[in-house]
Amino acid sequence: MTKKIDLVYQENVAIISICNPPVNALSVEVRKELLDALKEAEKKENVEAIILKGSGKTFPAGADIKEFGLPPQKPDLPTINDYIENINKPVICALHGNTLGGGLEIALACHYRFAHFKTKIGLPEVSLGLIPGAGGTQRLPRLIGIPEAYKMMASGLPINADKALKLGLINKVIQDIDESSIHFTKDLIENNNNFIKTKDRNELINNANEDKINITELKNNFKKQYRNQLAPQKIGDCLEKLLQSSFEEGQNFERNTFFELLKTEQSKSYIHAFFAERTSSKIPEIKSAHPRNLNTVGVVGGGTMGSGITIAALNAGLPVTMIERNQDSLDKGMKNLEKIYNRDIEKGRLSSSQVEEIFSRFTKTTDFEALSSVDMVIEAVFEEMNVKKQVFKILDKIVKKGSIIASNTSYLDINELASVTSRPEDVIGLHFFSPANIMRLLEIVVPDKVSNDVVATGFYLAKLMKKIPVRAGVCDGFIGNRILNKYGDCAYFMMEDGATPYEIDKAIFEFGYPMGPFQMFDLAGGDIGWAMRKRLKPMRDKNERYVHIPDKLCEKGWFGQKTGRGFYRYDKGNRRGDEDPEVLEIINLERQKKSIIPTKFSQEEIIRRYMAAMINEASNVIYEKIALRPSDVDVTKLYGYGFPRYRGGPMKYADSYGLDKILDDIREFEKEDSIFWKPSNLIIELVKKGNNFDSLNE
Ligand code: 3HC
Ligand code: NAI
């Protein structure tokens, strides 16, 4: 086994480096060897100070998440941190890269903290449904005060080295990890510097008591901000303990709370999401192919999606040429871009000179010939097969050999689009989500004849754009929209059967979504779904249930937020929307027409049906190999559709709820409508074998 710790001596300084690539996670081997190295360095008489650092790209980014759920192994991290803190020689940590979680907790126990100017410093345990479990909740507030510490821990967001210095979290920002840390450590030795252990720094704690810092109030604020999440509240409990008891008692309380949370479904779901996100780019095509050159990109269409994609590509450092069908549309596209970049400047996200540099890589024109030499073209024109085919035929004639031709279609058959070109091996689907410069999901749709290196290039583009790619097969709506249509229909059925759109939205919001389906339809624009329903009408089974209410609203021109009315009213720029009695009237009329006697739906019943519809269709998507594995469906729903992360995604939720119970629910609903509620073969098979969706994840 390779050594995880390197201990060297430079005159009177011991330098301990942690070597556990890629992120120097604090696995049991690291902890064992680290403790041994600390003991050895402490014992050496001529050693006057110890420097602790991470080798390679980073100081440890935290505990080893793969060990969570396994029986704990000694030495644990709190023991190591206590050991460090009690060493009688100064222990200095030199931080760089991502100093996170358990990594930062080690740093907090050291006597001095130096950080490279690019270091990101944070306690992100909440994003795993956890709290810092190695003294973080008790040491960080002693350095930076309760309010700032609570903010850092509850958000989980890292801060930069300058901010850490300002807050008092670190002692020095350094330019070079090796040279500067030795240099300043020698200074410390020469000046015979006395240090105070972090656990003994009680000034800020006493001040907090005197200033009557109200932790209950802070907890309530975070309860609203981090809805339904356990960990931010538990951090508040640890802070209350900090004010009332000794460091040791506080640390024990924190440790017990950490293990309590580790057992919760929330934490298991978050951890599932963490690994699911990192698995989605592990696909068969990448094993056998390398990405093609990708130095320039063309985008056809400068509307909502075309301009968002253009910005995403520009922000990834690529030169982009945008094509529109006429000067007027091109000007509108340009305005879209300017609006977003001007806001970035206003908000201080980008400087004027950065935006200038970005625009120097941007070209706009109505002449398709300008695309002749680009490496990839992404088409984002109207969602109409004939319009797209026309564009694909032109592109086929113009773009150089080996260029990739991609479509951003939401639903259409990419095999059919590929078939109008002479090079179907170069055609792929790249389904971005709106706003494309912000949303992290990218569905990479793999048609039958595409080459593996084109697929690999799609994944490479996602990496350049810092997006989360998910591989999808060709079908109407791919993974995300295909499933959305099913649970969307289920929402329509419940609406027609007796629930109001507002009751359904409330139930879904309280389940953890940022908004309910009707608010989402209003936001996306009712016309999009309307066009899709019209397109699918000829294919629809006559016996299939169809709810006309959304069409009735569209016929009135009520497309949602953009027209001021949809399922909600958006008067005078009110973006939250008010309930609309006229919509309820339309719903009532439709019920009367179909002789439906409205029934009452409890929140629980709404969730039961909505989730069953979602999971059943997701299961079909896996069964038909449209998604490679259940965790890819989870990633799609988490990053593209607002599924609450603390529930891990619909497939993880299904496993927690029990697949047998899901099947029972579906079979119960099947009695009402055997076409819509046909149980997925995969669920039936899994239940028969006593397996769950997770058994299909790699
Ligand atoms: N434990 C185990 N494996 C980890 C890990 C961890 N803490 N952090 C990352 N990895 C693995 C990833 O799974 C991935 O593995 P793969 O290559 O097999 O897919 C590999 O390391 C590289 O990770 P990323 O692809 O995420 O690399 P990036 O460079 O994009 O990001 C990072 C680096 C910002 C450090 C990111 O990996 C990250 O956020 N990691 C988790 C950090 C974290 O949550 N730390 C707290 C852990 S809990 C804790 O410390 C408890 C303590 O309080 C007791
Ligand atoms: P949009 O209507 O805002 O933009 C389409 C643009 O394409 C218009 O600016 C139009 O002038 C241009 N265009 C049309 N024909 C052209 C041609 N022959 N040559 C050059 N430009 C042409 O539409 P939007 O919303 O941007 O959608 C574009 C595509 O993205 C569609 O396929 C849609 O399904 C898909 N999509 C849309 C999402 C959304 O939320 N709006 C999300 C994901 C995908």
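Use the structure listed above.
Throughout what follows, the structure given in this document is the object of discussion. (Residues numbered from 1 in each chain as written. Chains lettered and ligands numbered in written order. Predicted model: local features only at pLDDT ≥ 70, side-chain atom pairs only at ≥ 80, totals over all residues. Heavy atoms only, no water.)

## Quick notes on the overall build of the protein chain
Next up, step 1: From N to C terminus, the protein chain includes 30 helices and 19 strands.
Next up, step 2: Taken against the 2.2 N^0.38 rule, which gives 26 Å for 698 residues, the C-alpha radius of gyration of the protein chain at 28 Å falls within 12% of a compact globule.
Next up, step 3: When its C-alpha atoms are laid out on the principal axes, the protein chain stretches across 85 × 60 × 55 Å.
Next up, step 4: Across the 698 residues of the protein chain, 56% fall into the buried class.
Next up, step 5: Partitioning the contacts of the protein chain with sequence separation of at least 6, the portion at a separation of at least 24 is 74%.
Next up, step 6: Total accessible area on the protein chain stands at roughly 31300 Å², and carbon and sulfur atoms take up 50% of it. (Helix = DSSP H or I, 4+ residues; strand = E, 2+ residues; numbered from the N terminus. Rg over C-alpha atoms; globule rule 2.2 N^0.38 Å. Buried < 20%, exposed > 50% of the residue type's maximum accessible area, 1.4 Å probe, protein only. Contact = heavy atoms within 4.5 Å. Areas by Shrake-Rupley, 256 points an atom, 1.4 Å probe, with all protein chains shown as cover.)

## Focus: the site of ligand 1
Next up, step 1: As a structural note, the neighbourhood of ligand 1 is formed by 25 residues, with Gly102, Glu105, Glu125, Arg278 and Lys282 the closest of them.
Next up, step 2: Within the contact set of ligand 1, a nitrogen atom lies 2.8 Å away from a backbone nitrogen or oxygen of Ala63.
Next up, step 3: At 2.7 Å from an oxygen atom of ligand 1 is found a side-chain nitrogen or oxygen belonging to Arg278.
Next up, step 4: A total of 990 Å² of accessible area belongs to ligand 1 in isolation, and the protein chains cover 73% of it.
Next up, step 5: Put simply, the parts of the chain that give the shell around ligand 1 at least two residues each are β5 (98–100), α3 (102–109) and α12 (265–279).
Next up, step 6: Among the elements that line the shell around ligand 1, the one with the most residues is α12, at 3 residues.
Next up, step 7: Classifying every residue of the shell around ligand 1 by side-chain character gives 14 nonpolar, 5 polar and 6 charged. (Near = heavy atom within 4 Å. Polar contact = N/O pair within 3.5 Å; in protein donor to acceptor, adjacent residues only side chain to side chain. Nonpolar A, V, L, I, M, F, W, Y, C, P; charged D, E, K, R; others polar.)

## A closer look at the site of ligand 2
Next up, step 1: Residues in contact with ligand 2 amount to 22 residues; listed here are only the nearest, Glu324, Arg325, Glu383, Lys388 and Ser410.
Next up, step 2: Secondary-structure elements contributing two or more residues to the shell around ligand 2 are α14 (304–315), α17 (385–398) and β15 (427–432).
Next up, step 3: By residue number, the principal contributor to the shell around ligand 2 is α17, which donates 3 residues.
Next up, step 4: Each residue belonging to the shell around ligand 2 can be placed in one class, and the counts come to 9 nonpolar, 9 polar and 4 charged.

## Digging into the packing of aromatic side chains
Aromatic ring pairs are described here by two measures, namely the spacing of the ring centres and the angle between the planes.
Next up, step 1: Following the criterion strictly, the structure yields 25 aromatic pairs and no others.
Next up, step 2: Residues Phe518 and Phe567 carry aromatic rings whose centres are separated by 4.7 Å and whose planes lie at 65° to one another, so their mutual orientation is edge-to-face. A residue pair is termed long-range when its members are at least 10 positions apart, and Phe518 in helix α22 (residues 517–524) and Phe567 in the loop between α24 (549–555) and β18 (568–569) qualify at 49 residues.
Next up, step 3: An aromatic cluster is defined as three or more aromatic residues linked by ring pairs; in this entry it consists of Phe511, Tyr513, Phe643, Tyr653 and Tyr657.
Next up, step 4: In this structure, Lys637 is placed above the aromatic ring of Tyr641, and the distance from its NZ or CZ to the ring centre is 3.6 Å.
Next up, step 5: Sitting over the ring of Phe511, Arg647 keeps its end group 4.0 Å from the ring centre. (Phe/Tyr/Trp six-rings, centres within 6.5 Å; stacked < 30°, edge-to-face > 60°. Lys NZ or Arg CZ within 6 Å of the ring centre and 35° of its normal.)

## Quick notes on the environment of Glu45
Next up, step 1: With respect to the helices and strands, Glu45 occurs in the loop between α1 (28–43) and β3 (49–54).
Next up, step 2: Residues Glu45 and Asn12, spaced 33 residues apart in sequence, show a C-alpha to C-alpha distance of 9.0 Å.

## Some details on the side chain of Asp426
Next up, step 1: Within the secondary structure layout, Asp426 lies in the loop between α18 (414–419) and β15.
Next up, step 2: There is a polar contact of 3.0 Å between the side chain of Asp426 and the side chain of Arg292.
Next up, step 3: Look past the residues within four positions of Asp426 in its chain and what remains in contact with it is Arg292, Gly402, Ser403, Ile404, Ile405 and Val454.

## Looking at unusual backbone geometry
Next up, step 1: Note the cis peptide between Pro21 and Pro22, where omega equals 5°.
Next up, step 2: Assignment of secondary structure puts Pro22 in the loop between β2 (13–18) and α1.
Next up, step 3: Across the junction of Ser434 and Pro435, the peptide omega takes the value -5°, indicating a cis bond.
Next up, step 4: At Glu11, a position not held by glycine, the phi torsion is positive, near 50°.
Next up, step 5: When you line up the elements, Glu11 lands in the loop between β1 (5–10) and β2.
Next up, step 6: Of note, Ser595 is a non-glycine position whose phi angle comes to about 50°, a positive value.

## Looking at the sheet that holds β5
Next up, step 1: Spatially, β5-β7-β8 is the arrangement adopted by the 3 strands of the open sheet, whose pairing is mixed. The open sheet is flanked by β5 and β8 (159–160), the only strands paired with a single partner.
Next up, step 2: Bridge analysis of β5 against strand β7 (residues 120–122) gives 3 bridges, and the strand direction is parallel. When the bridges of β7 are listed, Leu100 appears paired with Gly122.
Next up, step 3: Along the sheet face, α3 touches β5 and β7 and points at about 80° away from the line of β5. (Pairing = 2+ DSSP bridges. Axes fitted to C-alpha atoms, helices over the stretch in contact; angles between N-to-C directions.)

By themselves, these figures tell us nothing about what the structure is for.
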